[in-house]
Amino acid sequence: MSVLPTIDLSLLSRASGGNGEGANRTVIEGDIKVKTPLGIEASGKGSYQSSETNYARCVGLAAANGAKPVEFPSICGMPPAATK
């Protein structure tokens, strides 16, 4: 029988850049206008914002390159404020 460890959500927030924290910010804004072949037009304006810590960025890149969660500490180190 395996037991999943408990995750402290405050530490997860610090590692992933919760509440807009983090050095790596992405902001996308734009206007879009489309017209279908039937002549229907639609337009809109939108934006997207996100931020993440360097640790979260490292984990994301490691995972995208095929790393398993057990490998994250050796690739990225420990999350900020993590204790062993």
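Right, let's walk through the structure included here. Just so you know, these numbers come straight off a predicted model, no measurement behind them.

Right, let's talk about the overall build of the chain for a bit. Per the secondary structure count, the chain includes three helices and two strands. Counting helices and strands in the order they occur from the N terminus, the chain gives α-β-β-α-α. Looking at the 84 residues of the chain, the share that counts as buried comes to 15%. For the chain, long-range pairs separated by at least 24 residues make up 49% of all intrachain contacts whose partners lie at least 6 apart in sequence. Of the accessible surface of the chain, which amounts to about 6,800 Å², a share of 58% is contributed by carbon and sulfur atoms.

Moving on to the state of the cysteines. A complete count under the given rule lists one disulfide for this structure. Paired by a disulfide, Cys-58 and Cys-76 hold their sulfur atoms 2.0 Å apart. Between Cys-58 and Cys-76 the sulfur-sulfur dihedral comes to about -85 degrees; the bridge is accordingly left-handed. Residue Cys-58 is located in helix α2 (residues 54–64), and its partner Cys-76 is located in helix α3 (residues 72–76); the two are separated by 18 residues in the primary sequence. What makes Cys-58 partly exposed here is its relative accessible area of 24%. Taking relative accessible area as the criterion, Cys-76 reaches 17% and is therefore assigned buried.

Let us now look at the pattern of salt bridges. In total, this model carries three salt bridges according to the counting rule given. With a closest N to O distance of 3.9 Å, Glu-41 and Lys-35 form a salt bridge. In this structure Glu-41 comes out as partly exposed when scored by relative accessible area, which is 48%. A salt bridge links Glu-52 to Arg-57, with the shortest nitrogen-to-oxygen separation between them at 2.4 Å. On the basis of relative accessibility, which here comes to 30%, the residue Arg-57 falls in the partly exposed class. Each of Lys-33, Lys-35 and Glu-41 takes part in one network of salt bridges that share partners.

What follows concerns the environment of Ala-62. You can see Ala-62 is positioned in helix α2. Its relative accessible area of 9% is what places Ala-62 among the buried residues. Expressed as a C-alpha distance, the spacing of Ala-62 and Phe-72, which sit 10 residues apart in the sequence, is 7.2 Å. In this structure Ala-62 touches Ala-67, Phe-72 and Ile-75, once residues within four positions along its chain are discounted.

What counts, and where the lines are drawn
Residues numbered from 1 in each chain as written. Predicted model: local features only at pLDDT ≥ 70, side-chain atom pairs only at ≥ 80, totals over all residues. Heavy atoms only, no water. Helix = DSSP H or I, 4+ residues; strand = E, 2+ residues; numbered from the N terminus. Buried < 20%, exposed > 50% of the residue type's maximum accessible area, 1.4 Å probe, protein only. Contact = heavy atoms within 4.5 Å. Areas by Shrake-Rupley, 256 points an atom, 1.4 Å probe, with all protein chains shown as cover. Disulfide = S-S within 2.5 Å. Salt bridge = Lys/Arg side-chain N within 4 Å of Asp/Glu carboxyl O.

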